[in-house]
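# Notes for the structure review
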Amino acid sequence: MTSFEVVSATKNDRDRAMHAVVLSFAADPMMRWMVPDDADYLATMPEIFGAFASGSFENNTAYIADDAKAVALWLPPDIKSDSDRMTAALRKVVAPELYEDVAAIFGEMGQYHPHDEPCWYLPLIGVDPAVAGKGLGSALMKKALEHCDAAGLPAYLDSSNPRNIAFYERHGFQVMGEIQHGSSPTSYPMLRKK
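Given the structure is predicted, the values throughout are model-derived calculations rather than measurements.

What follows deals with the packing of helix H3 (residues 38-52) against helix H5 (residues 83-93). Closest axis-to-axis distance for the H3/H5 pair is 8 Å, and the angle between their directions is 165°. Viewed along their axes, H3 and H5 adopt a mutual orientation that is roughly antiparallel. As for the relative orientation of H3 and H5, their crossing is left-handed in sense. Contacts between H3 and H5 involve Asp40, Thr44, Glu47, Ile48, Gly50, Ala51 and Phe52 on the former and, on the latter, Arg85, Met86, Ala89, Leu90 and Val93. Of the residues contributing to the contact of H3 with H5, the split by class is seven nonpolar, two polar and three charged.

Structure, rendered in structure tokens:
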């Protein structure tokens, strides 16, 4: 496997990094259930994803590789997503008949998130499909998990695509349950114990 340099993203990397994440989730079952229209998806997901992982850039825990074609946006313990900004962005684009189910999914994700001890959270990891399958995702995951291990802390994520579960399991994550509401696809909360 090729070795990739993984670095912390700077403010100058933010737009390119967010574009890679948007591209990487373009066929994600949960994201496309929430925002099925291509134009709406491309127009609104940078704002939604930016709110979801807002603290990663400010805390130097947004990692990139291959000129920001691969991105992992981690939130360290005690740093939260900008839920008000994310809610506002979702309300603009999610169909009214789906919104209650979307809110229930995010609420249940929050219930699975460990609350009894500090924990790293991976809201988003993605690789531009043009360079997928080369080991970039593993390089990103390894870099961040080194910080978790050094601090002796667990890590948590939600897999919105069942095809990615095996990848996360290879990095020590275990499925905690299933989240599904209304007509939504299933999301899988996953924990990597310390």
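What follows continues from the structure just given.
On to the state of the cysteines, then. For the structure shown, the criterion picks out zero disulfides. Free cysteine cysteine 119: the closest other cysteine sulfur is in cysteine 148, separated by 7.6 Å. The exposure class of cysteine 119 is buried, given its relative accessible area of 6%. The exposure class of cysteine 148 is buried, given its relative accessible area of 0%.

Another aspect to go through is the sheet that holds strand S2 (residues 62-65). Pairing within the open sheet is mixed, and its seven strands lie in the order S1-S2-S3-S4-S5-S7-S6. At either end of the open sheet lies a strand with only one pairing partner, and these are strand S1 (6-8) and strand S6 (174-175). Against the sheet, helix H1 (residues 14-24) touches S2, strand S3 (70-75) and strand S4 (120-127), its axis set at about 100° to S3.

Before going further, it helps to spend a moment on the packing of H5 against helix H6 (residues 96-112). Two quantities define a packed helix pair, namely the angle between the helix axes and the distance between the axes. For the pair H5 and H6, interaxial distance at closest approach is 11 Å and the crossing angle is 155°. Between H5 and H6, the angle is such that the two are roughly antiparallel. Read as a crossing pair, H5 and H6 show a hand that is right-handed. Contact residues: H5 offers Met86, Thr87, Leu90 and Arg91, while H6 offers Tyr99, Val102 and Phe106.

The next subject is unusual backbone geometry. At asparagine 60, a position not held by glycine, the phi torsion is positive, near 55°. Considering the arrangement of structural elements, one finds asparagine 60 in the loop between helix H4 (54-58) and S2. The backbone of aspartate 66 shows a phi angle near 55°, a positive value even though the residue is not glycine. Within the element layout of this structure, aspartate 66 appears in the loop between S2 and S3. Aspartate 66 gets classed as partly exposed once you look at its relative accessible area, which sits at 32%.

On to the pairing of strand S5 (residues 155-159). In terms of burial, S5 is a largely internal element, five of the five residues being buried. Neither face of S5 is left uncovered, since the one carrying Ala155, Leu157 and Ser159 and the one carrying Tyr156 and Asp158 both have all their residues buried. Relative to S5, S4 runs parallel, the two being bridged by three bridges. Paired with leucine 122 across the strands is leucine 157, a residue of S5. At this point the chain moves from S4, through helix H7 (residues 136-151), to the parallel S5, and the crossover so formed is right-handed. The pairing of S5 with strand S7 (residues 188-192) spans five bridges and is classified as antiparallel.

Rules used throughout
- Residues numbered from 1 in each chain as written.
- Predicted model: local features only at pLDDT ≥ 70, side-chain atom pairs only at ≥ 80, totals over all residues.
- Heavy atoms only, no water.
- Axes fitted to C-alpha atoms, helices over the stretch in contact; angles between N-to-C directions.
- Helix = DSSP H or I, 4+ residues; strand = E, 2+ residues; numbered from the N terminus.
- Parallel < 35°, antiparallel > 145°, perpendicular 65-115°, else oblique.
- Left-handed = near helix turned anticlockwise from the far one by under 90°.
- Contact = heavy atoms within 4.5 Å.
- Nonpolar A, V, L, I, M, F, W, Y, C, P; charged D, E, K, R; others polar.
- Disulfide = S-S within 2.5 Å.
- Buried < 20%, exposed > 50% of the residue type's maximum accessible area, 1.4 Å probe, protein only.
- Pairing = 2+ DSSP bridges.
- Right-handed = clockwise from strand over helix to strand, strands pointing away.

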